[in-house]
Amino acid sequence: MSLINPTLVLNCGSSSLKYALISEDGETRIEGLAEALGNTDARIKHKNLDGSKVDINIPNSGAHTEALQIILGDLIKEYQPVAVGHRVVHGGDKFTKATVINEEVLATIEELATLAPLHNPANALGIKAINDIYPKLPQVAIFDTAFHQTMPAHAYRYAVPKQLYTDHQIRRYGFHGTSHNYVSNRASKLTTQDGDKGWLVAHLGNGCSATAVYNGKSMDTSMGITPLEGLMMGTRSGDIDPSFHLHIHRTLGLSLEEVDTLLNKKSGLLGVSGVSNDMRILEQAAAEGNQDAILSLEMFAYRVAKYLLSLTAGLPVLTGVAFTGGIGENGADMRGKIVAHLKHLGAKIDTAKNDALIRGAEGSFHADDSAIELWVIPTDEEYQIMSETREILGL
Ligand code: ADP
């Protein structure tokens, strides 16, 4: 095993940093996670090329720069990356594709913190940390929103006064673009069907979103100006009556911030079940007869299916549905529940194939007489970021 001309892929959160060093053919990688950055227990969990693992404490409540110094200067020092690809959450409508980072691009990423206050500043920290350590290393930003910039206006606009869009960039952006891009691409490679391809991609993890992709272009997606819109998620409500905030404020006295926290952190699978946001725990509780857990799973499945059906409106042709994310890749029962609601699309499952598609397996699970294809495609955002980074740099 060797790592030839590797690309470093970074996904920086406010107190965490996920990294992967990926070979140019995408076949080999070293990866790890730095967490609790800025706290006394800041540490790195690192996986070597041979699969062995090491845990390292970062001294002095290390932040992003200290973590990267240990990663680059010690853990992966024998492999000099040729470039760095950063996951950046919000590119607004300024960035429609992977973009080489310079001072101006970095400044725009920081300005876009108005749209992603938790994420963009953390992403910018990672870029600055690399600038400090290796100022000459080319850096590329891959935006979660960029893939959805192909959506037509009738899909991305909200039905609110025009000035909110023209003067304040209030519109639907969508997220998980790197994953939807990778999975739809892969589905188009795997299918035996010729001609135009229309996919519904269901990315079901802790965060969940669905996208209609036609010939490689996002036509519509379930998330909006923030990731709260759309599907029911681990702790997020997804779609809700827009007057909910006012109603809860009037009746329970909650502030806007409190309602926002309620909808982002205490709702979804966790809120409905009162048990957990983790699908495995909920399936266990449901098997033991917990009615709230059972309802949370039914609601989750129904709402995913309802969105998938509505997103068919954005597709000139429908080739099939591709499932990804922790739940999409492993939750065979949940996939079965969702597809059962797609009866009017003529979707039919091959149960044995569905049950076998877990733990990173890739494959189809539609029955021979299904009108549409059904796929499980494990997402690989790191690979996608690596490829887009190399492509834009001409490597
Ligand atoms: P994130 O959005 O944080 O990246 P993941 O894509 O890792 O999240 O997905 C996490 C979800 O996947 C959790 O709800 C977890 O319970 C679910 N999941 C993981 N393995 C299984 C499984 N075997 N069966 C059902 N759900 C699973």
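Below you will find a few notes about this structure. Because the structure is a prediction, the values reported are computed rather than measured.

### What about the site of the ligand?
For step 1, the next point in the chain: Close to the ligand lie 13 residues, the nearest being Asn206, Asp278, Met279, Gly326 and Ile327.
For step 2, the next point in the chain: At a separation of 3.5 Å, an oxygen atom of the ligand approaches a polar backbone atom of Gly207.
For step 3, the next point in the chain: Residue Met279 places a main-chain N or O atom 2.9 Å away from an oxygen atom belonging to the ligand.
For step 4, the next point in the chain: Here the ligand has 590 Å² of accessible area as a free molecule, and 67% of this is covered by the chains.
For step 5, the next point in the chain: Counting only elements with at least two residues in the shell around the ligand, the list comes to α10 (279-287) and α12 (325-330).
For step 6, the next point in the chain: Counting residues per element, the shell around the ligand draws most heavily on α12, which supplies 4 residues.
For step 7, the next point in the chain: Of the residues that constitute the shell around the ligand, the class distribution is 2 nonpolar, 8 polar and 3 charged.

### Quick word on the packing of aromatic side chains
For step 1, the next point in the chain: Considering all chains together, one arrives at 4 aromatic pairs under this definition.
For step 2, the next point in the chain: Between the aromatic rings of Phe95 and Phe143, the centroid separation amounts to 4.3 Å while the plane-to-plane angle is 5 degrees, which identifies the pairing as stacked. Linking Phe95 in the loop between β6 (83-88) and β7 (99-100) with Phe143 in strand β8 (residues 139-143), this pair joins segments that are 48 residues apart in sequence. Here Phe95 and Phe143 have matching classes, each one buried.
For step 3, the next point in the chain: Each ring, one from Tyr156 and one from Tyr165, has its centre 5.9 Å from the other, and the planes form 45 degrees; the classification is tilted.
For step 4, the next point in the chain: Against the face of Tyr173 rests Arg171, its NZ or CZ located 4.8 Å from the ring centre.
For step 5, the next point in the chain: It is Arg335 that lies over the ring of Phe365; its NZ or CZ is 5.3 Å from the centre.

### Some thoughts on the pairing of strand β9 (residues 198-204)
For step 1, the next point in the chain: Here β9 lies mainly inside the structure; 7 of its 7 residues are buried.
For step 2, the next point in the chain: Covered by surrounding structure in β9 are Gly198, Leu200, Ala202 and Leu204 together with Trp199, Val201 and His203, the residues of both alternating faces.
For step 3, the next point in the chain: As paired elements, β9 and strand β10 (residues 208-214) share 7 bridges and run antiparallel to each other. The residue of β10 that forms the bridge with Ala202 is Ala210.
For step 4, the next point in the chain: From the end of β9 to the start of β10, which pair antiparallel, there are 3 residues.
For step 5, the next point in the chain: In this sheet, strand β12 (residues 320-324) lies alongside β9 in parallel orientation, the contact comprising 5 bridges. Among the inter-strand pairings, Val201 is bridged to a residue of β12, identified as Ala322.

### Observations regarding the packing of helix α1 (residues 64-75) against helix α3 (residues 120-133)
For step 1, the next point in the chain: Contact geometry for α1 and α3: axes closest at 9 Å, N-to-C directions at 55 degrees. Here α1 is positioned oblique relative to α3, judged by the angle of their axes. Considering only the axes of α1 and α3, their crossing is right-handed. Packed against α1, whose contacting residues are His64, Thr65, Leu68, Gln69 and Leu72, the element α3 presents Leu125, Gly126, Ala129, Ile130, Asp132 and Ile133 at the interface.
For step 2, the next point in the chain: Of the residues that constitute the contact of α1 with α3, the class distribution is 6 nonpolar, 4 polar and 1 charged.

### What to know about the sheet that holds strand β14 (residues 373-376)
For step 1, the next point in the chain: Spatially, the 6 strands line up as an open sheet ordered β11-β10-β9-β12-β14-β13, and their pairing is mixed. On the outer flanks of this sheet lie β11 (217-221) and β13 (363-364), each paired with one strand and no other.
For step 2, the next point in the chain: Summarising the sheet, β13 and β14 pair through 2 bridges and their orientation is antiparallel. Considered in β14, the bridge of Ser364 is made with Trp375.
For step 3, the next point in the chain: Where helix α13 (residues 332-340) meets the sheet, its contacts fall on β9, β12 and β14, and the angle it forms with β12 comes to roughly 150 degrees.

### Here's the deal with the pattern of salt bridges
For step 1, the next point in the chain: Overall, the coordinates contain 14 salt bridges when judged by the stated rule.
For step 2, the next point in the chain: Notably, a salt bridge pairs Arg29 with Asp380, separated by 2.7 Å at the nearest N-O pair. Here Arg29 is found in strand β3 (residues 29-35), whereas its partner Asp380 is found in the loop between β14 and α15 (381-393), with 351 residues between them in sequence.
For step 3, the next point in the chain: Across the pair Glu35 and Lys45 runs a salt bridge whose closest N-O atoms are separated by 3.1 Å. Remark: Lys45 occurs in strand β4 (residues 43-47) and Glu35 occurs in strand β3; sequence separation between them is 10 residues.
For step 4, the next point in the chain: Three or more residues are tied together by salt bridges with common partners; here these are Glu35, Asp41, Arg43 and Lys45.

### Describing the sheet that holds β6
For step 1, the next point in the chain: Spatially, the 8 strands line up as an open sheet ordered β5-β4-β3-β2-β1-β6-β8-β7, and their pairing is mixed. Edge strands, defined here as strands with exactly one partner in the open sheet, are β5 (53-57) and β7.
For step 2, the next point in the chain: As defined by bridge partners, β7 adjoins β8 across 2 bridges and the pair is classed as antiparallel. In the strand pairing of β8, Val100 is matched with Val140.
For step 3, the next point in the chain: Along the sheet, α1 contacts β1 (7-12), β2 (17-22), β3, β4 and β5; its crossing angle with β2, the most-contacted strand, is approximately 25 degrees.

### Comments concerning the packing of helix α11 (residues 291-311) against α13
For step 1, the next point in the chain: As a packed pair, α11 and α13 sit with axes 8 Å apart at the nearest point and diverge in direction by 50 degrees. It follows that α11 is oblique to α13 by the angle criterion. Between α11 and α13 lies a crossing whose hand is right-handed. Along its contact with α11, which presents Leu297, Glu298, Phe300, Ala301, Val304, Ala305 and Leu308, the element α13 presents Met334, Lys337 and Ile338.
For step 2, the next point in the chain: Considered class by class, the residues forming the contact of α11 with α13 number 8 nonpolar, no polar and 2 charged.

Conventions we followed
- Residues numbered from 1 in each chain as written.
- Predicted model: local features only at pLDDT ≥ 70, side-chain atom pairs only at ≥ 80, totals over all residues.
- Heavy atoms only, no water.
- Near = heavy atom within 4 Å.
- Polar contact = N/O pair within 3.5 Å; in protein donor to acceptor, adjacent residues only side chain to side chain.
- Areas by Shrake-Rupley, 256 points an atom, 1.4 Å probe, with all protein chains shown as cover.
- Helix = DSSP H or I, 4+ residues; strand = E, 2+ residues; numbered from the N terminus.
- Nonpolar A, V, L, I, M, F, W, Y, C, P; charged D, E, K, R; others polar.
- Phe/Tyr/Trp six-rings, centres within 6.5 Å; stacked < 30°, edge-to-face > 60°.
- Buried < 20%, exposed > 50% of the residue type's maximum accessible area, 1.4 Å probe, protein only.
- Lys NZ or Arg CZ within 6 Å of the ring centre and 35° of its normal.
- Pairing = 2+ DSSP bridges.
- Axes fitted to C-alpha atoms, helices over the stretch in contact; angles between N-to-C directions.
- Parallel < 35°, antiparallel > 145°, perpendicular 65-115°, else oblique.
- Left-handed = near helix turned anticlockwise from the far one by under 90°.
- Contact = heavy atoms within 4.5 Å.
- Salt bridge = Lys/Arg side-chain N within 4 Å of Asp/Glu carboxyl O.

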